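Structural description and commentary
Below, each chain spelled out in residue letters.
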Amino acid sequence: MSIRTVLLHAAPDSGFDDRLAYALALAKQAGARLLALYTLYPAGVPRVGRALSIYVNELKREAREKETAIRARFDAAVAAAGVAAEWKVVDGEVTGELRGAADFADITVVSETVSGTTDDELAAILPEHLALTSTAPVVVVPTGKKLSARIGRVVVAWKPSREAGHAVRLALPLLAAADQVLVLTVGENGAATSQSGARLADFLKTHGVNVEHKHVEGDAAKVIAAEAAAYQADLLVMGAYSRPRLTELVLGGVTASLIADPPLPLLCAH
């Protein structure tokens, strides 16, 4: 399997230029086409009530007005990168439209949740929603951080769970193309988790991945961020919400903290 279609969330929020640059670099490295999906209907607003209808129509009018400028930025960046690309405008609600389009893409690129403009707030639920519901892996791109132009070094945050296994299998094309991959296990269940990580490294070698395994004790979220920085990773791969989502929201969790503030591009799948 290889990456042939990269799906990009196109919107006038603060993270657009960063995720556009990342999506273009990813498409160029993989030899893939880029599909940008620009939606007019705002996220999380029900289609009921006259007052809401007036509000929604105003947001849609603003979205149409903003499209010209953001499309121009997209076209200029695409021309400079020399990547095959398509810009598509749809009237539907952004979360549902991206979820549906992801069924026919190999990877979806969104931004971390940031606060600021109305457009930022309207896009806030996308990383979590798509990570939980999408059939394709989701890459959450940091906003305002330096990003590599190529995925050369990858960290896989591994635990023996269905979600982590799903993420690794979906990320295989990127892992096989990377220069170096680190399977990282953290002190949960001690020896059993470490042994599972070593077995994953052996499995990845059968796919031609240049991989090593490392086990570290400590707080998972802090260890993962620190080890990814020390490894100078360009991408972090992990399963999303291996505990119930409500538990993560109430008690905190690795997925919730890393999606909210990713230290580097984060590929996740549920």
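Fair warning: this is a prediction, and the values are worked out from it, not measured in the lab. (Residues numbered from 1 in each chain as written. Predicted model: local features only at pLDDT ≥ 70, side-chain atom pairs only at ≥ 80, totals over all residues. Heavy atoms only, no water.)

Within the chain, the secondary structure is distributed over 10 helices and 10 strands. Classification of the 270 residues of the chain by burial places 51% in the buried group. By sequence separation, contacts in the chain at least 24 residues apart represent 80% of the contacts at least 6 residues apart. For the chain, the exposed area adds up to about 12000 Å²; of that, 54% sits on carbon and sulfur atoms. (Helix = DSSP H or I, 4+ residues; strand = E, 2+ residues; numbered from the N terminus. Buried < 20%, exposed > 50% of the residue type's maximum accessible area, 1.4 Å probe, protein only. Contact = heavy atoms within 4.5 Å. Areas by Shrake-Rupley, 256 points an atom, 1.4 Å probe, with all protein chains shown as cover.)

Attention now goes to the confidence of the model for the chain. Any segment with low pLDDT has predicted coordinates that should not be analysed in fine detail. Of all residues in the chain, 87% have pLDDT values of 70 or greater, and the mean over the chain is 88. By mean pLDDT, helix α9 (residues 245-251) is the weakest element of the chain at 41, and strand β6 (residues 153-157) is the strongest at 98. Ignoring residues within four places in sequence, the model shows residues 244-252, a span with pLDDT below 50, making 11 contacts including any to other chains. (pLDDT = per-residue confidence, 0-100.)

This brings us to unusual backbone geometry. Residue Q232 is not a glycine yet carries a positive backbone phi of 55°. With respect to the secondary-structure elements, Q232 resides in the loop between α8 (220-230) and β9 (235-239). The exposure class assigned to Q232 is exposed, which follows from its relative accessible area of 60%.

Given 3.6 residues per turn, any residue in an α-helix points the same way as the ones three and four places further on. Buried within helix α3 (residues 94-102) we find V94, T95, L98, A101 and A102. Projected down its long axis, α3 shows its buried positions confined to an angular sector of 135°, all on one face. Close packing links the buried residues of α3 with β1 (5-10), β2 (33-41), β3 (85-93), β4 (107-111) and α5 (126-133). (Arc of directions from axis to C-beta.)

The next point concerns the nonpolar core. Most often, soluble globular proteins have nonpolar side chains that are buried together. The biggest cluster of nonpolar side chains holds 51 residues, and the ones touching the most others in it are V6 and L175. The residues touching L175, leaving out its near neighbours within four places in the chain, are V154, V156, V168, V181, L204, V209 and V237. Residues L37, A105, A131 and C268 belong to the second largest nonpolar core, which totals 35 residues. (Core = buried A, V, L, I, M, F, W, Y, C linked by side-chain atoms within 4.5 Å.)

With respect to the helices and strands, the residue P263 is situated in the loop between α10 (254-260) and β10 (266-269). In this structure the C-alpha to C-alpha distance between P263 and T143, which are 120 residues apart in sequence, comes to 9.7 Å. Beyond its immediate chain neighbours, meaning those up to four positions away, P263 contacts P142, K145, A225 and L258.

Judged by how many residues are buried, strand β7 (residues 180-186) sits mostly within the fold: six of seven residues are covered. With five bridges joining them, β6 and β7 adopt parallel strand pairing. By the bridge assignment, R153 is partnered in β7 with Q180. After leaving β6, the chain enters helix α6 (residues 162-177) and then returns to the sheet as β7, a path that is right-handed. (Pairing = 2+ DSSP bridges. Right-handed = clockwise from strand over helix to strand, strands pointing away.)

The sheet built from 10 strands is open, its strands ordered β3-β2-β1-β4-β5-β10-β9-β6-β7-β8 with mixed pairing. Unpaired on one side and paired on the other, β3 and β8 (211-216) mark the two borders of the sheet. Adjacent strand axes in the sheet meet at a mean angle of 25°, parallel and antiparallel pairs treated alike. As defined by bridge partners, β2 adjoins β3 across seven bridges and the pair is classed as parallel. Within β3, the residue paired with Y38 across the bridge is V89. Sheet strands touched by α3: β1, β2, β3 and β4. Its angle to β3, the strand with the most contacts, is close to 130°. Of the strands in this sheet, β1, β4, β5 (138-141) and β10 are in contact with α5, which crosses β4 at around 160°. (Axes fitted to C-alpha atoms, helices over the stretch in contact; angles between N-to-C directions.)

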